[in-house]
Structure formats: C-alpha cells, structure tokens
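Chains, contacts and geometry: an overview
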Amino acid sequence: MVASAAIRNLSFVSFIGVLPTFAKQTLSMSRTALDDVVSQTGAFVRKPSSFRDFISKDQSSQFPAESGRYHLYVSYACPWASRCLAYLKLKGLEKAISYTAVKPIWERTKENDDHFGWVFPDSSTEESGADPDSLNGARSIRELYDRANADYSGRYSVPVLWDKKLKTL
C-alpha cells in the first residue's frame, strides 16, 4: 500500500531522473509533447500548436464539416490520440472520418538525423494494429507535418487530423 502511494506521487520529472542514459538521449532527440513538461513538479503545460484550426458547420469556412474529407492519424500508445479515436467511434463518425494508427514505439523518422518519433509500419502485417499510410504514403508523422509546412520546426505529435482536400493538418 505504501509503495503504490509512493509510485502515484512520483512526478514525471523525478521519473525522468531514473531513466537509463539511452532513454534520456532518446527523449532529448525527440520533439514531442514531452518537451512541454516545464515545471519541477512535473506539471504538463502544452505549447500552442501552429496548426490550430477548427472544422466548422459553416460550409463557406476554410475547413467545413464534410464527410470523407478528413483523416485521423493516431497512436494507441498516446492517451490523447486514443481519446480522439474513442470519441470518433462513440459518435459513430468512422464512415465520415477515416483513420490510421502508427506503430506504438518511436523509431528514427529520417535516416540522416537523430529524431525519434511516430512511424508507420512497412506493411499491415509488421505491427499488429498499425497500418502503412495508404493515404499519403508517408513513413512517419513527421513527414505529414513537413508536407503541410516545409518550414515547420515544432513537435511531431498525434493525434493529427489531415485535410485530404487541402493536403494539410
């Protein structure tokens, strides 16, 4: 009982302190939501995204609600992405918004640098529950961000809602 209470009270910052060196290096090479942990208490403070738009019921808006127009990219390992997928299913929107799941473990996103992030499997049999990106042919979530904005320098996170018509996030 005491041990479980102590574990519950561990902050993220203190957890990072006990990670092996390899794990710390991997985390430091990634630009993800983990970068947003800024306080000594482990409080999570998300930085604003540069891709901050809304789907509107107004058909004249830049992103109108339109069945089949949007595609959701998720990772089952990400609680925020899993929550979006659960909402999609609870609301019965699977026919209106398609989705693809990436592999649950970060891998190198480009051969020429050290960034680790969400990647797609090469085939649908490589990783159970994950599928290749049949919509855009991307190898990683990072590629989708780069396609949407070649000058993007923020984190490459999921969930990602892709606009098939405008080819952007």
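Before reading on, note that the structure itself is shown above.
Cut-offs and rules
Residues numbered from 1 in each chain as written. Predicted model: local features only at pLDDT ≥ 70, side-chain atom pairs only at ≥ 80, totals over all residues. Heavy atoms only, no water. Pairing = 2+ DSSP bridges. Helix = DSSP H or I, 4+ residues; strand = E, 2+ residues; numbered from the N terminus. Axes fitted to C-alpha atoms, helices over the stretch in contact; angles between N-to-C directions. Contact = heavy atoms within 4.5 Å. Buried < 20%, exposed > 50% of the residue type's maximum accessible area, 1.4 Å probe, protein only. Expected span 1.5 Å × (residues − 1). Core = buried A, V, L, I, M, F, W, Y, C linked by side-chain atoms within 4.5 Å.

Turning to the sheet that holds strand 2 (residues 97-101), a few remarks are in order. Across the sheet, which stays open at both edges, the three strands sit in the order 2-1-5 with mixed pairing between neighbours. Unpaired on one side and paired on the other, strand 2 and strand 5 (160-163) mark the two borders of the sheet. Averaged over all neighbouring strand pairs, the angle between strand axes comes to 25°, with direction disregarded. Pairing of strand 1 (residues 70-74) with strand 2 involves five bridges; the strand directions are parallel. Bridging across to strand 2, histidine 71 finds its partner in serine 98. On top of the sheet, helix 4 (residues 79-90) reaches strand 1 and strand 2; it is set at about 135° to strand 1, its chief contact. Its contacts with the sheet place helix 5 (residues 141-148) against strand 1 and strand 5, and it is angled at close to 45° to strand 5.

Take arginine 69: it is sitting in the loop between helix 3 (21-29) and strand 1. Residues in contact with arginine 69, not counting those within four places in the same chain, are Gln62, Pro64, Ala96, Trp162, Asp163, Lys164, Lys165 and Leu166.

Right, let's talk about unusual backbone geometry for a bit. The linkage connecting valine 158 with the following residue, proline 159, adopts the cis geometry, with an omega of 5°. Positionally, proline 159 belongs in the loop between helix 5 and strand 5. Despite not being glycine, lysine 167 shows a phi value in the positive range, around 55°. Taking the relative accessible area as the measure of exposure, lysine 167 reaches 53% and is therefore exposed.

This part covers helix 4. Since the α-helix advances by 3.6 residues per turn, residues separated by three or four positions end up pointing in the same direction. Given a rise of 1.5 Å per residue, twelve residues ought to cover 16 Å, and the 16 Å separating the end C-alpha atoms of helix 4 matches this to within 8%. Where the residues of helix 4 are buried, they touch strand 1 and strand 2. Following helix 4 by one or two positions, glycine 92 has its phi on the positive side, about 70°.

What follows deals with the nonpolar core. A general tendency of soluble globular proteins is for nonpolar side chains to be buried together. Counting residues in each nonpolar core, the largest one holds 25 residues, and the members touching the most others are Ile141, Leu144 and Tyr145. Contributions of two or more residues to this core are made by strand 1, helix 4, strand 2, helix 5 and strand 5. Ignoring any residue separated from it by four or fewer positions in sequence, one finds tyrosine 145 in contact with Phe51, Tyr152, Arg155, Tyr156, Ser157, Val160 and Leu169.

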